[in-house]
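Spelled out, the chains give:
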Amino acid sequence: MSPGLAFMGGSALPNVRAIRRSSQRSKIACITNPVPSRFKPKRFVKGLVSIDGQRDKKILGIALPALFTLMVEPMLSAVDTGFIGRLGVSELAGVGIAVALIRSSFALFNFLAASTTPTVAAASDREECSKIIVENMYVSLMLGLLVTILLLTLSPGACSALAGKSSADIVPIAVLYARWRAIAAPALFGGFVLSGALRGLQDTITPLISALASNGLNVVLDYVTIYYLNWGVAGVAIATSISQIANTVILLVAMLKRRIVNFKDLSRLPSMDAVRQVGFGAVLSIRTMSILATFISSSRLAASRGAVALAGYEVARQVWIFQAFVLDALAVAAQSFISGFLAKGNMFEARRYSSRLLQIGLW
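These numbers come from a predicted model, not from an experiment.

### What about the overall build of the protein?
- Within the protein, the secondary structure is distributed over 16 helices and zero strands.
- With 363 residues in all, the protein has 55% of them scored as buried.
- Here the analysis covers contacts within the protein between residues at least 6 apart in sequence; of these, 88% occur between residues at least 24 apart.
- Carbon and sulfur atoms make up 69% of the accessible area of the protein, which totals about 16,500 Å².

### Some thoughts on unusual backbone geometry
- If you check the backbone angles, Asn230 has positive phi at about 60 degrees while not being a glycine.
- In this fold, Asn230 is placed in the loop between α10 (205-228) and α11 (232-257).

### Examining the side chain of Ser115
- Secondary-structure assignment places Ser115 in helix α6 (residues 111-121).
- Residue Ser115 is classed as buried on the basis of its relative accessible area, which comes to 10%.

### Section: the packing of aromatic side chains
- Following the criterion strictly, the structure yields nine aromatic pairs and no others.
- Pairing Phe106 with Phe189 gives two aromatic rings, centres 5.8 Å apart and planes at 85 degrees, and the pair type is edge-to-face. Within this pair, whereas Phe106 is found in helix α5 (residues 89-107), its partner Phe189 is found in helix α9 (residues 185-200), the two being separated by 83 residues in sequence. There is no split in this pair, since Phe106 and Phe189 are both buried.
- Here a set of aromatic residues connected by ring pairs shows up, and it is made of Phe106, Phe109, Phe111, Phe189 and Phe192.

### Some words on α11
- The end-to-end C-alpha distance of α11 is 38 Å, a good match for the 38 Å that 26 residues give at a rise of 1.5 Å each.
- Looking one or two places after α11, you find Arg259, whose phi comes out positive at around 60 degrees.

### A closer look at the confidence of the model for the protein
- Residues with a pLDDT of 70 or more make up 80% of the protein, whose mean pLDDT is 79.
- By mean pLDDT, helix α2 (residues 23-32) is the weakest element of the protein at 45, and α11 is the strongest at 94.
- This model gives residues 1-14 a pLDDT under 50, and the stretch forms 62 contacts once residues within four places in sequence are excluded.
- Within the model, the stretch residues 22-32 combines pLDDT values under 50 with 11 contacts to residues more than four positions away or in other chains.

### A word on the nonpolar core
- One finds Ile97, Phe106, Ile133, Tyr177, Phe189, Met255 and Leu310 to be the most contacted residues of the largest nonpolar core, which totals 57 residues.
- It is helix α7 (residues 126-163) that contributes the most residues to this core, 10 residues altogether.
- Among residues more than four places away in sequence, those in contact with Phe189 are Phe106, Phe109, Leu112, Ser140, Leu143, Gly144 and Val147.
- Membership of the second largest hydrophobic core comes to 19 residues, among which are Ile59, Ile62, Leu67 and Ala350.

### A look at the packing of α10 against α11
- The contact between α10 and α11 brings their axes to 8 Å, and the two run at 155 degrees. One element, α10, and the other, α11, form an angle in the roughly antiparallel class. Note that α10 runs across α11; the crossing there is right-handed. Of α11, the residues touching α10 (which contributes Thr206, Pro207, Ser210, Ala211, Ala213, Ser214, Leu217, Asn218, Leu221, Asp222, Thr225 and Ile226) are Gly232, Gly235, Val236, Ala239, Thr240, Ile242, Ser243, Ala246, Asn247, Ile250, Leu251 and Ala254.
- By residue class, the composition of the contact of α10 with α11 is 13 nonpolar, 10 polar and one charged.

### Comments concerning the packing of α6 against α7
- The interhelical angle for the contact between α6 and α7, taken along N-to-C directions, is 170 degrees, at an axis separation of 10 Å. If you check the angle between α6 and α7, you find them roughly antiparallel. Only Cys129, Ile132, Ile133, Asn136, Ser140 and Leu143 of α7 make contact with α6, whose side of the interface consists of Leu112, Thr116, Thr119 and Val120.
- Broken down by class, the residue content of the contact of α6 with α7 amounts to six nonpolar, four polar and no charged.

Thresholds, definitions, all that
- Residues numbered from 1 in each chain as written.
- Predicted model: local features only at pLDDT ≥ 70, side-chain atom pairs only at ≥ 80, totals over all residues.
- Heavy atoms only, no water.
- Helix = DSSP H or I, 4+ residues; strand = E, 2+ residues; numbered from the N terminus.
- Buried < 20%, exposed > 50% of the residue type's maximum accessible area, 1.4 Å probe, protein only.
- Contact = heavy atoms within 4.5 Å.
- Areas by Shrake-Rupley, 256 points an atom, 1.4 Å probe, with all protein chains shown as cover.
- Phe/Tyr/Trp six-rings, centres within 6.5 Å; stacked < 30°, edge-to-face > 60°.
- Expected span 1.5 Å × (residues − 1).
- pLDDT = per-residue confidence, 0-100.
- Core = buried A, V, L, I, M, F, W, Y, C linked by side-chain atoms within 4.5 Å.
- Axes fitted to C-alpha atoms, helices over the stretch in contact; angles between N-to-C directions.
- Parallel < 35°, antiparallel > 145°, perpendicular 65-115°, else oblique.
- Left-handed = near helix turned anticlockwise from the far one by under 90°.
- Nonpolar A, V, L, I, M, F, W, Y, C, P; charged D, E, K, R; others polar.

Below, the structure is given as structure tokens:
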């Protein structure tokens, strides 16, 4: 699953530490960039039918690559669904239960990207930027390891609860898929941090290239594990886990080559301050949990109708997620621009970009 699940946990909220650290810059910015006095409905409505060339160009420069990045995973998830569908209805239904569990567990930690974006955007130099990224990455790896252990241990009970009594025969398939997917949690969470850092640097091209490469690898591995190795559902799960690990490796190597991350900082353990800052972002999980509750209840309702109904629901869900991700590119642009402006104290541009993003969203 893509690090760009912003609609299930992303936020453009500023980081508290970054705002305090840039208080002096805020005073200067407020002088050179006067803050609009208040919201003006007429001006906002007029902006719906006008073009703001400079800001629109910058927004599209971030949003379009993010849009393509968000489109990659649902498209290739549909390919995964096609491969699994060839294995049988029970396999497709079982994977549907496991995917609901895995995505719910992983999506709770999308805040790792949202909490990294503003701190990186507000970093005063490359040294500070590298330290922030490495510390947040190590915190994410520890959280990922904890999630892996919990999923390996609790997936039988969780899959049984989601499947219900009428679909008990698909539980072993769901557990097998969930456990193989669980091993990629540390790398996936690290990818959340690296993607969030690149957003803070207003780079959405690198995550797009990484997503295309890793998900392309996923398709190849799906074909090999199913048709050549005959690993079935386990093969699809292994292929997906390998592709998620590859995505994080590609991002990290790219950032090391560009010296966004320094090799010497990789030996730095996270400070308690870094842990607390990541913890602030965990508040966003409350919103995510409410959204995920809807998905889980829907999956359970479909499971209660039998394997055929659950398999059909899984296909329909993939189509819906594809559409939702397409609309989510503006959230990525909001995180990138508004977090940076707020951290630097430029309230004028923060409000202008907020209004413009809302106008484009209404289109």
